[in-house]
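Next come the chains, spelled out residue by residue.
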Amino acid sequence: MKRILIYLLAISYPAAVWAETNGKSNDLSELKEQLRQANEAFERAMQQHQAAVTTIQQRIQALESPGGTSHPPAVAEAAPSPATAPVPPPSQPKTWSPADPIRIGGAQAYMDVGLVGTFAAGGSTADDIEGGTELGGHDPNQRGFTVQGVEATFTGAVDPYLRGLATLNFSVDAEGESFFEMEEGWMETVSLPANLKLRGGQIYSEFGRHNPTHLHTWDFVDTPLVNGRLLGPDGLRNPGAHLAWLAPTPFYTELIFGVQNSQGETAASFRGGGGHTHGGEEEGLPFAYRHADNDRGVATFSDLLLTPRLVSSFELSDEITLLLGASAAFGPNSIGAEGGGDTRTEIYGADLTFKWKPVDHHGGFPFVKWQTEGLWRRTGVGAFDWSAEGTQNDPGVLLDPATANAPAILDRETLSDYGFYTQLVYGFRKGWTTGLRLDWLDGQTGEYEEQGLLVADGSGGGAPAGNDLLRDARWRLSPNLTWYPTEFSKVRLQYNYDDRRDIGIDHSVWLQFEFLLGAHAAHKF
Amino acid sequence: MKRTLTLLVLALTAMLTAQAKLNVVATTPDIASIAEVVGGDQISLTTLARPTEDPHFVDAKPSFMAKLNRADVLLHGGAELESGWLPPLLQGSRNGKIARGAPGDVRCNEGVAMLEVPVALDRSRGDIHATGNPHFLMDPVNAQVVARHIATVFAQVDASHAEDYQANARRFVDDLNARMAVWNKALAPFKGAHLVAYHNSWPYFASRFELQLDLFLEPKPGLPPSPAHLAAVIARMKEEGARVIIVDPYLSRKTAERVAGETGATVVDVTQFPGGVKGTEGGYIATMDYLVKSVADALGRGSSTR
């Protein structure tokens, strides 16, 4: 009924204006003015009509959607007439009160929920895939199929002052054992003064480009070797907090300072037990040939993990953006015997990201992204006496030929490990990318590796321990091809050529497939 | 000496007032072009997306974070067009003035009657937006709504120039009303004519000028055209006598040309953003002028050969 009235008004008003003024004057400008008025009236009517229709549609939707009966559309959405009605008020969302429920679903949810499932299938000539050729905790871990991770993300505004996020990951290891991880779970401030932002909870350390990212954002099937070895299979993340300051420079500069616990498997290079984690390089002798026994707990501030990062970005042209970062991580480690000394680890990193995207890209394509990270780790390892672990007749005990095959006594020393990855990704047409990554790792040979130590075989003698496989030189080359049918799914084929000193060459082929349900986190740079 | 001092003081005052300008960031160039008219000399305007690029997939450059950090007002569509890149920038901006719900957070679609609001959210239908089709500024009536909205916000945030903003918005609305008559007249002969678009960015334009926009080269929003779908489109175009294909600068003109070659249709370069194609640099009204003229010309040519 109302609609019909609006139609009648729309038709009759211009006619009425015309009829009323027709006899009076033929002045052209006046006619023009009348036309304009008529037109305005028509627009008004149309707009009112549209608003009415929209309101009705929204009511219908609210009625049709399950459970969505209660909320009539806001006044602002009901489209006032552009020519007469007061201008819509600026956004004034309903003030949240703690009594309000947390709702899921629809465009008005208080929380965005997303689920990503990432899987791999393939094979390798290597027998030691998990922790051998692949160092990341969510990398393909066996021939056949791997559940790399099924990850749920919950995020949203907590209240006007805070934002919260939780990422929970479910995976299956090579033995078929399921495991659950809380990757992230934190809250952060929305607008602190002085350009500061504080985040606290279970957080990723802001170290370089790869470390703070999740599996589904990676451009390759697996973790870069340098991240897997120097920061740990699951990356560097732990309970803690960081403060990030956006500098008032004309270009983007951010300074981030993190403080976290230094123990646990997600701080592998610190008091994480020297890489003894799921998916770690855990076969054979422990890191630096000494067990991680030297756990002193947290006594002072310096027993925490400190991670500063400085990052800047420059636009070289309308199409080229450069990002440069420097990161470090300092904290205690537990490598060596109890009372073996106050040993610490320092990790330094530098990263460079270069991105080209033309000004008339279609769906984000084409683009070229070149990303490189170099890391250097200095690990102080405490003294260690193998006689505490057994005698020369116990298999697995480390023996020293210089002392008539008595259990070895290892001195305190500082070990240096370093490596880099560099990767180039070319999005050559919408939905298609091809990439090439080079991984390289090496370390300075430690004194303990040069002593000619033996691993006891139970007969009083043993086999040469050789180089520390957890620090040995290796490199890898990985070409791949990815198809994104939409932003919500992908299929990726990757080949890895692995060359490990003292082990040899291996070939692996992995097919990765992924789906995403629900909220899709926006793309960060 | 005294004169030098006076000059110095004047220069300083000028500098200070220059700095006191309202710092406005607009996500897309169409919104920016309206803000420019409303804000005039009183604002300093930054636009994030460029007119030739796909607004759904703008790179979240870190420099945008620095720009948003200094903004007094953020103008965005409010209809998820920017949802693929704006949220992390906003989170990094640490700027309470433009935080969600703050006076400087301007959702331009407020007060706009959104078209194609989905009844249910289902991604098997392609990339649809929960709040409706986000390309609402292609209807000049919606541009009027947005101009008034922007003026209200500017007047609220920068009360000293409130009257300027309101007057500028009124003038813009009047200008649009005047042009509207011209545009209506230019497209009146083609009421009900079929338009084919690559992507569904044009329902607001079509409904305003009563054109029929029901064929798209994309099988579903965001999906690349498949040969089977294009064959179907070609058949439908022949059946319906659709003679015009409109293509945004960031979409594949080649695909459109191939379809045009099969059907004898004309490919028209269109843009939602001032500066997106040559001849639209002058702003919102210039862009609409261009759109109406090029679409009317193409439809005219189509009907003369029919």
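Everything numeric in this text was worked out from a predicted model, so none of it was measured.

Q: Hey, could you go over the overall build of chain B for me, with residue numbers and the actual values?
A: Counting secondary structure elements, chain B contains 10 helices and eight strands. Sorting the 306 residues of chain B into buried and exposed places 57% on the buried side. Of the roughly 12100 Å² of accessible surface on chain B, 56% is carried by carbon and sulfur atoms.

Q: I'd like a description of the overall build of chain A, backed by residues and values.
A: Assigned secondary structure in chain A consists of four helices and 22 strands. Considering chain A as a whole, with its 525 residues, one finds that 48% of them fall into the buried category. Relative to all contacts within chain A whose residues are 6 or more apart in sequence, the contacts with residues 24 or more apart total 65%. Only carbon and sulfur atoms are counted for the fraction: they give 63% of the accessible area of chain A, which is about 23600 Å².

Q: A description of the confidence of the model for chain B should follow, citing residues and the corresponding values.
A: A residue-level look at chain B finds 92% of positions with pLDDT of 70 or above and a mean pLDDT of 91. Mean pLDDT values over the elements of chain B span from 58, in helix α1 (residues 2–19) of chain B, up to 98, in strand β3 (residues 73–76) of chain B.

Q: Break down the sheet that holds strand β6 (residues 212–216) of chain B for me, with residues and values.
A: Residues and elements named next belong to chain B. If you walk across this open sheet you meet the four strands as β6-β5-β7-β8, and the pairing is parallel. Each having just a single partner strand, β6 and β8 (266–269) make up the two edges of the open sheet. The sheet shows a mean angle of 35 degrees between the axes of neighbouring strands, taken without regard to direction. With four bridges joining them, strand β7 (residues 244–247) and β8 adopt parallel strand pairing. Within β8, the position partnered with V247 by the bridge is D269. Sitting on the sheet, helix α8 (residues 227–240) is in contact with β5 (194–197), β6 and β7, with an inclination near 150 degrees to β6.

Q: Let's hear about the sheet that holds strand β4 (residues 105–107) of chain B: which residues, and what values?
A: Working definition: the strands of a sheet are paired by backbone hydrogen bonds and lie parallel or antiparallel to each other. Residues and elements named next belong to chain B. An order of β2-β1-β3-β4 is seen for the four strands of this open sheet, with the pairing classed as parallel. Looking at which strands have only one partner, the edges of the open sheet turn out to be β2 (43–47) and β4. The mean angle between the axes of side-by-side strands here comes to 20 degrees, regardless of whether they run parallel or antiparallel. Summarising the sheet, strand β1 (residues 22–26) and β3 pair through three bridges and their orientation is parallel. Within β3, the residue paired with V25 across the bridge is L74. Contacts from helix α2 (residues 29–39) reach β1, β2 and β3 within the one sheet, and its direction differs from that of β2 by about 175 degrees.

Q: For the interface of chain B and chain A, give the residues involved together with the corresponding values.
A: Listed by partner, the interface residues are 64 residues for chain B and 72 residues for chain A. Taken over both partners, the interface formed by chain B and chain A buries close to 5400 Å², and the fraction arising from carbon and sulfur atoms is 52%. Of all residues in chain B, B:F57, B:R94 and B:R123 give up the largest surface area on contact with chain A, accounting jointly for 15% of the area buried on that side. Across the pair A:E254 and B:R94 runs a salt bridge, and its minimum N-O distance is 2.5 Å. Applying the counting criterion to the chain B and chain A interface returns 22 residue pairs in polar contact (both at pLDDT 80 or more). Only α3 (62–69), α4 (86–93), β4, α5 (140–157), α6 (162–187) and α7 (203–208) of chain B provide two or more residues apiece to the side of chain B that touches chain A. Sort the elements by how many residues they give to the side of chain B that touches chain A and α5(B) lands first, with nine residues. Grouping the amino acids of the side of chain B that touches chain A by side-chain chemistry returns 28 nonpolar, 21 polar and 15 charged.

Q: A description of unusual backbone geometry should follow, citing residues and the corresponding values.
A: A cis geometry characterises the amide bond from A:F365 onward to A:P366, with omega recorded as -5 degrees. Among the structural elements, A:P366 can be located in the loop between β10 (344–356) and β11 (367–381). We note that B:E210 has phi near 55 degrees; this positive angle belongs to a residue other than glycine. Assessed through its relative accessible area of 40%, B:E210 is described here as partly exposed.

Q: How would you sum up α8(B)? Please name residues and give values.
A: Each α-helix winds once per 3.6 residues, and so residues spaced three or four apart point in a common direction. Residue and element names in this part refer to chain B. Here α8 is 14 residues long and its end C-alpha atoms lie 20 Å apart, about the 20 Å a rise of 1.5 Å per residue gives. As for α8, its buried residues are in contact with β5, β6, β7 and α9 (253–263). With its phi angle positive at about 70 degrees, G241 sits one or two positions after the end of α8.

Q: Explain the side chain of A:E514 to me, and be specific about the residues and the numbers.
A: Residue position: A:E514 is located in strand β22 (residues 504–518). Setting aside chain neighbours within four positions, we find A:E514 in contact with A:V116, A:G117, A:T118, A:H216, A:F488, A:S489 and A:K490.

Q: Give me the nonpolar core: which residues, what numbers.
A: All names here are of chain B. The biggest cluster of nonpolar side chains holds 59 residues, and the ones touching the most others in it are I34, L75, F154, F205 and L211. Take this core: its biggest share by element is nine residues, from helix α10 (residues 284–305). Shared between two domains, this core holds at least three residues of each, these being domain 1 (20–180) and domain 2 (189–305). Residues within four places of L211 in sequence aside, it is in contact with F190, G192, A193, L195, F205, A206, V295 and L299.

Q: How would you summarise the pattern of salt bridges if you had to cite specific residues and measurements?
A: Evaluated as defined, the whole model comprises 37 salt bridges over all chains. Put simply, B:D289 and B:R179 hold a salt bridge, and the shortest N to O gap is 2.6 Å. Within this pair, whereas B:D289 is found in helix α10, its partner B:R179 is found in helix α6, the two being separated by 110 residues in sequence. The class of B:D289 is partly exposed, set by a relative accessible area of 26%. Given a relative accessible area of 28%, B:R179 falls into the partly exposed group. Each of A:E134, A:D222, A:R437, A:D439 and A:R476 takes part in a single network of salt bridges with overlapping partners.

Q: Account for the side chain of A:R492, with residues named and values stated.
A: All names here are of chain A. Among the secondary structure elements, R492 is positioned in strand β21 (residues 489–500). Buried charge without a partner: R492 forms no salt bridge, and the closest opposite charge is D219, 4.7 Å away. One polar contact links R492 to Y484, side chain to side chain, over a distance of 3.3 Å.

Q: Provide a residue-level description of the packing of aromatic side chains, including the pertinent values.
A: Residues and elements named next belong to chain A. A complete count under the given rule lists 18 aromatic pairs over all chains for this structure. Summarising the aromatic geometry, the rings of Y289 and Y448 are spaced 5.0 Å apart at their centres and angled 80 degrees between planes, so their arrangement reads as edge-to-face. Here the residue Y289 occupies a position in the loop between β7 (252–260) and β8 (305–315), and Y448 occupies one in helix α4 (residues 447–450), the gap between them amounting to 159 residues. When sorted by exposure, Y289 lands in the same class as Y448, which is buried. Through successive ring pairs, a cluster of aromatic residues spans Y426, F428, W432 and W483. Between the NZ or CZ atom of R290 and the centre of the ring of Y448, over which it lies, the distance is 5.5 Å.

Q: Kindly report on a nonpolar patch on the surface, identifying the contributing residues and their values.
A: Residues and elements named next belong to chain A. Taken together, the side chains of F145, W483, V491, L493, V509, L511 and F513 present a nonpolar region at the surface, about 610 Å² in accessible area. Contributions of two or more residues to the nonpolar patch are made by β21 and β22. If one sorts the elements of the nonpolar patch by residue count, β22 sits on top with three residues. As for its position among the elements, W483 is in strand β20 (residues 474–486).

Q: How would you sum up the confidence of the model for chain A? Please name residues and give values.
A: Residue and element names in this part refer to chain A. Of the residues in chain A, 78% reach a pLDDT of 70 or more, and the chain-wide mean stands at 84. The element-level mean pLDDT for chain A is lowest in helix α1 (residues 2–22), coming to 48, with strand β17 (residues 432–443) highest at 98. pLDDT under 50 marks residues 275–282. Its contacts with residues more than four places away, or in other chains, come to 27 contacts.

Reading the values: the criteria
- Residues numbered from 1 in each chain as written.
- Chains lettered and ligands numbered in written order.
- Predicted model: local features only at pLDDT ≥ 70, side-chain atom pairs only at ≥ 80, totals over all residues.
- Heavy atoms only, no water.
- Helix = DSSP H or I, 4+ residues; strand = E, 2+ residues; numbered from the N terminus.
- Buried < 20%, exposed > 50% of the residue type's maximum accessible area, 1.4 Å probe, protein only.
- Areas by Shrake-Rupley, 256 points an atom, 1.4 Å probe, with all protein chains shown as cover.
- Contact = heavy atoms within 4.5 Å.
- pLDDT = per-residue confidence, 0-100.
- Pairing = 2+ DSSP bridges.
- Axes fitted to C-alpha atoms, helices over the stretch in contact; angles between N-to-C directions.
- Buried area = accessible area lost by both parts, 1.4 Å probe.
- Salt bridge = Lys/Arg side-chain N within 4 Å of Asp/Glu carboxyl O.
- Polar contact = N/O pair within 3.5 Å; in protein donor to acceptor, adjacent residues only side chain to side chain.
- Nonpolar A, V, L, I, M, F, W, Y, C, P; charged D, E, K, R; others polar.
- Expected span 1.5 Å × (residues − 1).
- Core = buried A, V, L, I, M, F, W, Y, C linked by side-chain atoms within 4.5 Å.
- Domains from an automatic or database assignment.
- Lys, Arg positive; Asp, Glu negative; His and termini not counted.
- Phe/Tyr/Trp six-rings, centres within 6.5 Å; stacked < 30°, edge-to-face > 60°.
- Lys NZ or Arg CZ within 6 Å of the ring centre and 35° of its normal.
- Patch = residues over 30% accessible without salt bridge, like charges linked within 9 Å, V, L, I, M, F, W, Y side chains within 5 Å.

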